[in-house]
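Given next are the chains, with one letter for each unit.
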Amino acid sequence: MSEDKTVPAVPLEKLVKKYYSEQGMKEWKRLVRDAYHRLEFDTTMHFLRKHLLRKGLILDAGGGPGRYTIALGRLGYHIVLFDLSPEMLKIAEKQVKRAKVQRQVKQIIQGSIDDLSMFRDNTFDGTICLGGALSHILDKNRREKAIDELIRVTKKSSPIFISLIGRLAVLVTELICFPQEIEIEEVFQSIRDTGDYYGGYGFAPCHFYLPEEIEASLKKRKVTILEMVGLEGLSSGHQKETNRLFKKYPKAWKIWWETHLKTCTHPCTVAISEHFLVICKKQSS
Ligand SMILES: C[S@@+](CC[C@H](N)C(=O)[O-])C[C@H]1O[C@@H](n2cnc3c(N)ncnc32)[C@H](O)[C@@H]1O
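Everything numeric here is computed off the predicted structure, so don't read it as measured data.

1. A look at helix 10 (residues 211–219)
For helix 10, the complete set of buried residues consists of Pro 211, Ile 214, Ser 217 and Leu 218. The buried residues of helix 10 occupy an angular sector of 135 degrees when projected down its axis, which confines them to one face. Contacts made by the buried residues of helix 10 are with helix 7 (140–152), strand 5 (159–165), strand 8 (223–230), helix 13 (267–272) and strand 9 (275–282).

2. Here we look at the site of the ligand
Inspection of the region around the ligand gives 21 residues, with Gly 62, Asp 83, Ser 112, Ile 113 and Leu 130 positioned closest. Here Gly 62 contributes a backbone N or O atom positioned 2.8 Å from a nitrogen atom of the ligand. Backbone polar atom of Ile 113 to a nitrogen atom of the ligand: 3.0 Å apart, as the coordinates give it. The protein chains hide 98% of the 600 Å² of surface that the ligand would expose on its own. Elements with a contribution of two residues or more to the shell around the ligand: helix 2 (12–23) and helix 3 (25–30).

3. A few points about the nonpolar core
In terms of nonpolar packing, the biggest core is built from 30 residues, with Leu 59, Phe 119, Leu 134 and Ile 214 touching the most fellow members. Listed by contribution, the elements that provide at least two residues to this core are strand 1 (57–61), strand 2 (78–83), helix 7, strand 5, helix 10, strand 8 and strand 9. No other element matches the four residues that helix 7 contributes to this core. Core analysis: the second largest hydrophobic core is formed by 20 residues, Phe 41, Ala 71, Tyr 77 and Leu 277 among them.

4. Notes on the packing of helix 4 (residues 35–51) against helix 11 (residues 239–248)
For the pair helix 4 and helix 11, the least separation of the axes is 8 Å and the interaxial angle reads 90 degrees. The pairing of helix 4 with helix 11 is recorded here as roughly perpendicular in orientation. Contacts between helix 4 and helix 11 pair Ala 35, Tyr 36, His 37 and Leu 39 from the former with Gln 239, Thr 242, Asn 243 and Phe 246 from the latter. Here the contact of helix 4 with helix 11 is composed, by residue class, of four nonpolar, four polar and no charged.

5. Details of the environment of Thr 123
With respect to the helices and strands, the residue Thr 123 is situated in the loop between strand 3 (105–110) and strand 4 (126–129). For Thr 123, a relative accessible area of 24% translates into the label partly exposed. Between the C-alpha atom of Thr 123 and that of Glu 185, which follows or precedes it by 62 residues, the distance is 44 Å. For Thr 123, the contacting residues outside a window of four places in its chain are Leu 57, Val 153, Thr 154 and Lys 155. There is a polar contact of 2.5 Å between the side chain of Thr 123 and the backbone oxygen of Arg 120.

6. So, the environment of Ile 191
Among the structural elements, Ile 191 can be located in helix 9 (residues 185–194). Considered as a pair, Ile 191 and Arg 143 are 48 residues apart in the sequence and their alpha carbons are 17 Å apart.

7. Points about the pattern of salt bridges
Opposite charge on two side chains permits them to pair, given that their charged atoms come into close proximity. For the structure on display, the rule yields 15 salt bridges. A salt bridge links Lys 155 to Asp 125; its shortest N-O distance comes to 2.8 Å. Here Lys 155, found in the loop between helix 7 and strand 5, pairs with Asp 125, found in the loop between strand 3 and strand 4; they are 30 residues apart in sequence, far enough to count as distant. Using a relative accessible area of 31% as the deciding quantity, one classes Lys 155 as partly exposed. Judged by relative accessible area, Asp 125 falls into the buried class, the value being 12%. The salt bridge involving Glu 144 is made with Arg 221; its shortest N-O contact spans 3.0 Å. Here Arg 221 lies in the loop between helix 10 and strand 8 and Glu 144 lies in helix 7, a separation of 77 residues in the sequence. For the residue pair Glu 144 and Arg 221, the accessibility class agrees, reading buried in each case.

Analysis parameters
Residues numbered from 1 in each chain as written. Predicted model: local features only at pLDDT ≥ 70, side-chain atom pairs only at ≥ 80, totals over all residues. Heavy atoms only, no water. Buried < 20%, exposed > 50% of the residue type's maximum accessible area, 1.4 Å probe, protein only. Helix = DSSP H or I, 4+ residues; strand = E, 2+ residues; numbered from the N terminus. Arc of directions from axis to C-beta. Contact = heavy atoms within 4.5 Å. Near = heavy atom within 4 Å. Polar contact = N/O pair within 3.5 Å; in protein donor to acceptor, adjacent residues only side chain to side chain. Areas by Shrake-Rupley, 256 points an atom, 1.4 Å probe, with all protein chains shown as cover. Core = buried A, V, L, I, M, F, W, Y, C linked by side-chain atoms within 4.5 Å. Axes fitted to C-alpha atoms, helices over the stretch in contact; angles between N-to-C directions. Parallel < 35°, antiparallel > 145°, perpendicular 65-115°, else oblique. Nonpolar A, V, L, I, M, F, W, Y, C, P; charged D, E, K, R; others polar. Salt bridge = Lys/Arg side-chain N within 4 Å of Asp/Glu carboxyl O.

Written as structure tokens, this is what we have:
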């Protein structure tokens, strides 16, 4: 794979910004599009409720159009919403007003999560970085810096939630939806062997994670991993079947959801999930 083939001339961060500015309202609707996509949102909310303190100031880093900001605002938290894309933040501003939670949203700030220098150490009672915002930083050093920043701004003993796009699930998606891309070295083999995707084939540049990668990265830092969760879990890759169950078999759906909660923390489920969530706690010293 030659260097000029894989690395596009446009800086990768610009491609990420461009992608999300073009997504617009599509990104706002993503998490509630159907029962399958709701699994990511509902499962994340389940674990936010489980691990967040009852109240406090939360940083929604890479919060995009603000689904989680609004949901947490409704639960009574105060939130600072932070994202790279000005277009996403414009949508968020509107949706926050529509949801009437603007008193809960303390600031909306544009920037990149690898530089949170506008916040002091130990500022937030919880930090969330969800939906793969961290995955969109291709450069490993910058990604590691972002992890340091997320930890630095979080108060000691408080939780940090990071959800990432899973590498194995992306390979399966290629098999199911984009078989022609399996022949494209800078797409399929690059993702398979390094996790890196440089854009140009319908998605923003991204580093797709294996669970053990983020685990190793967090274990080097002053945090304790509490749980890892496969957000789509056993449904991962089975969009049609999941939506069919939700629509046609409401009783069975309840049992499936219960099954999902019982299985989503199994290491195999985490590894095959489209998105997986890592929950850790900043150590007290
Ligand atoms: C798939 S969206 C997720 C939005 C939201 N967290 C959610 O889960 O619904 C990814 C978001 O990450 C943002 N993003 C990408 N790279 C970023 C960076 N370096 N710093 C901050 N935000 C970033 C994008 O602008 C986009 O809004």
